[in-house]
Amino acid sequence: MKKIALPQLIPQNICLKCDICCRFSEEFSHWAPYILKEEIADFSSEKIFPFFIKSYGINLNLKKEKDLFICPFFDLSHHRCSLYPLRPFDCQLYPFVLFYNQTYTGVVLGIDLQCPYLREIEREYLLNFALKLKEILEETSTLEMIYQNPGIIMSPHPNFQPLILWDKLNKIIFGKNLGLKIISLEDREIFKQFFMKKNITFSYAFEYLYAWKDIAYLLWKIIDKELLVFWKQKDDFFLLLSPGDALSLPVLSFIKNFLGKEIIIKNIGEEYLNFFKKNNWELKSEGQEYIYECEKIATLEGKDLKSRRWQSNYFYKHCLPRVRELKNEDIAECLELYVNWAEEKRRKNRPPYYFMLIEDNFFAQRRLLIDYVKLNLAGIVIEVEGKIVGYSFGYPLNEEEFCIFSEITNLKFKGITPYIFQEFCRKLKNYKFINAMDDAGLENLRRIKCAYAPLRIRRLYSAKYIQGEGFC
Ligand code: SF4
């Protein structure tokens, strides 16, 4: 990528004397420098990103240094950035930051008041500098680049002071005055109430939707008492959650208004297909979800599960595992396991589509693990000789059904997959059903999921309609 050189508000000699930047209090700090997807290739020789990171920007992994976590490019002995002239866009932008306003209905260009130098600058000067900066960002097609990197836009924070509401960027993300909001942790209760009332019959819950927030814009609004959640990412733009058969006129006209000519609605359950069939929408099968009886997996009893039971016992007898609750401190080790698991798949020569899924899932898992406590997720880890060799976590869908969002294991251990599934179901004995989500259209995954004798399979569909082709 052609390096963008942004004008700097703070002179370099002042920055070098400061002891705030480039050091962080948390390992997975949201303040960690964000590398745009366009910048990832610049770091390929450093081998700091897993091999599958290609399509999205990501925060740098920080290094532990005494009580702090530091940027891997921070040279502690000389107290400076070791790649200063080539430092990422995010670092060049600082102390300016991009963040959502308090209502998550717009993006703001503002400043981070933690930068001590800002106390010496007059607001008017700052504002003029910000306007100049915005002009440059808009001129250099950086606007499109920022849009393609949703992870660079931060949540509002008490230390952030807004300067300019960025109209041009907001129009691209939010459309024109439609009152849509970006999903945030604060929306959890509203979504929960809605899902409960609506009795949604598949794995989508707030947690699932929130998981993708670093790689896509998840926009929502309630129209005519229906919760509409849109997915906006590069060229992918659709209604993620079908309002079922409740496509009232206000709902329909809102969807048309936002999505434009091509309307795509995903995750339509079989029970809602009639409306779409009647109105000539183009329907497509989008996979299926697997639901198991919790008690049955917890015991692995029965002839149909005999070989899984045998494998699980084999792992237990030969590896003497320890099972414990997944905790916040496990994030780094779990993500490392995920990367090793992906490496193992690479050795097996899977098709490119498979690695796109691995990449997308990495971001979703990372997000849920970072916000694990805030989201009140439940999970376990399996340890062998003090090292995590498997983890699994998820969230309840309702009082009866629990959704397992993730199950990752070190496949060198024979029998570990049925063992972790069984152990997690033992812990989830208060639930009647376990939803193991879909098979992403992968034949291998379909076979594995079927091998545990699902109680039910729920099929999901998408519907497409091109406006102006004779419907409503
Ligand atoms: S890349 Fe350089 S400027 Fe950016 S956080 Fe790391 S050390 Fe600091």
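Let us look at the structure shown here. (Residues numbered from 1 in each chain as written. Predicted model: local features only at pLDDT ≥ 70, side-chain atom pairs only at ≥ 80, totals over all residues. Heavy atoms only, no water.)

**Focus: the site of the ligand**
The local shell around the ligand consists of C22, P33, C71, F73, F74, C81, L83, P88 and C91. Among the residues forming the shell around the ligand, the class breakdown is nine nonpolar, no polar and no charged. (Near = heavy atom within 4 Å. Nonpolar A, V, L, I, M, F, W, Y, C, P; charged D, E, K, R; others polar.)

**Re the sheet that holds strand β9 (residues 107-112)**
One open sheet holds the three strands; their spatial order is β8-β9-β10, and the pairing between them is antiparallel. The open sheet has two free edges, formed respectively by β8 (96-100) and β10 (160-165), since each of these has just one partner strand. Averaged over all neighbouring strand pairs, the angle between strand axes comes to 40°, with direction disregarded. Two elements, β9 and β10, share five bridges in a ladder whose sense is antiparallel. Paired with D112 across the bridge in β10 is F160. This element, helix α3 (residues 123-139), spans β8, β9 and β10 of the sheet and lies at about 55° to β10. Sitting on the sheet, helix α5 (residues 167-174) touches β8, β9 and β10, and the angle it makes with β9 is about 130°. (Pairing = 2+ DSSP bridges. Helix = DSSP H or I, 4+ residues; strand = E, 2+ residues; numbered from the N terminus. Axes fitted to C-alpha atoms, helices over the stretch in contact; angles between N-to-C directions. Contact = heavy atoms within 4.5 Å.)

**Some remarks on the pattern of salt bridges**
Considering all chains together, one arrives at 22 salt bridges under this definition. The partner of D371 in a salt bridge is R367, with the nearest N and O atoms 2.9 Å apart. Comparing D371 with R367, the two get one shared label, buried. Measuring nitrogen to oxygen at the nearest pair gives 3.7 Å for the salt bridge that ties K374 to D371. (Salt bridge = Lys/Arg side-chain N within 4 Å of Asp/Glu carboxyl O. Buried < 20%, exposed > 50% of the residue type's maximum accessible area, 1.4 Å probe, protein only.)

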